[in-house]
Structures are given as structure tokens and as C-alpha cells.
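What follows is the residue order along each chain.
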Amino acid sequence: MNINKVIIAGNVTRDPELRSLPTGSKVASFSVATNRVWNNPQGVRQEASDFHSVVVFARLAEVTAQYVKKGTPVFVEGRLQTRSWDGQDGKKQYRTEIVAEKV
């Protein structure tokens, strides 16, 4: 059995960008920051932030673009997807993003 499931809760770092695909379907993209805090072996508090790219399709994309804004706390559930393309310099480019099923 294979499972590809992602759940994150964090803050939106940029307003969603709503676009239309050639088929007429809507797609929204935005990013979410998650933070973690821990103490290193010397007992000093450490912090780190991770940034996640999120894409949303269809009606959920429209609703997300309408209600989600930069700074909004958000819960995202979906799956990971990596896509690739040829860059302007001819090198292969890769991007891993969360395809959201729930926002």
C-alpha cells in the first residue's frame, strides 16, 4: 500500500494567485510557512521556518482566493507532487508542491 498524504498548519506568506487553465478550470497558488522550535544540546533555544508551495484546483481555488490572505493562519491537507520542466538555461527544473484537497 502507498500513501501520499500531507497535513500542515501555518501562516500564509503571500496572497493566493488565481489563474485559469486552458480548459477553463481555476487554479490558485500560495505558500505557507511553518515554524518549529527546539533546544540544542547546549540548551539554547533554536527556531527554523519552512516554506511550502500549495496549489488548489477548481471551486476550492476560487474560495481560497476569496478568503485566504497573507498572514492568515491556515490548515492544508493534500498530497505531494513534484513537477519538472526545462529551464531557460536548458537545465531540468523541479518543484515539489502540496496539491490541496482541503484548506
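Residues numbered from 1 in each chain as written. Predicted model: local features only at pLDDT ≥ 70, side-chain atom pairs only at ≥ 80, totals over all residues. Heavy atoms only, no water.

Another point: the pairing of strand β6 (residues 92-102). Strand direction decides the pairing type here: strand β4 (residues 45-57) and β6, joined by 2 bridges, are parallel. Its bridge partner lying in β6, V54 is registered against I98. Bridging between strand β5 (residues 73-86) and β6 involves 10 bridges; their strand directions are antiparallel. Paired with L80 across the bridge in β6 is I98. Between β5 and the antiparallel strand that follows it, β6, lie 5 residues; G90 among them carries a positive phi value of about 90 degrees. (Pairing = 2+ DSSP bridges. Helix = DSSP H or I, 4+ residues; strand = E, 2+ residues; numbered from the N terminus.)

Okay, the pairing of strand β1 (residues 6-12) next. Sheet topology places β1 next to β5; 6 bridges connect them, and they run antiparallel. Bridging from a neighbouring strand, V6 pairs with G78 of β5. In this structure, β1 lies alongside strand β3 (residues 26-39), joined through 2 bridges in antiparallel fashion. Counted as the bridge partner of N11 is A33 from β3.

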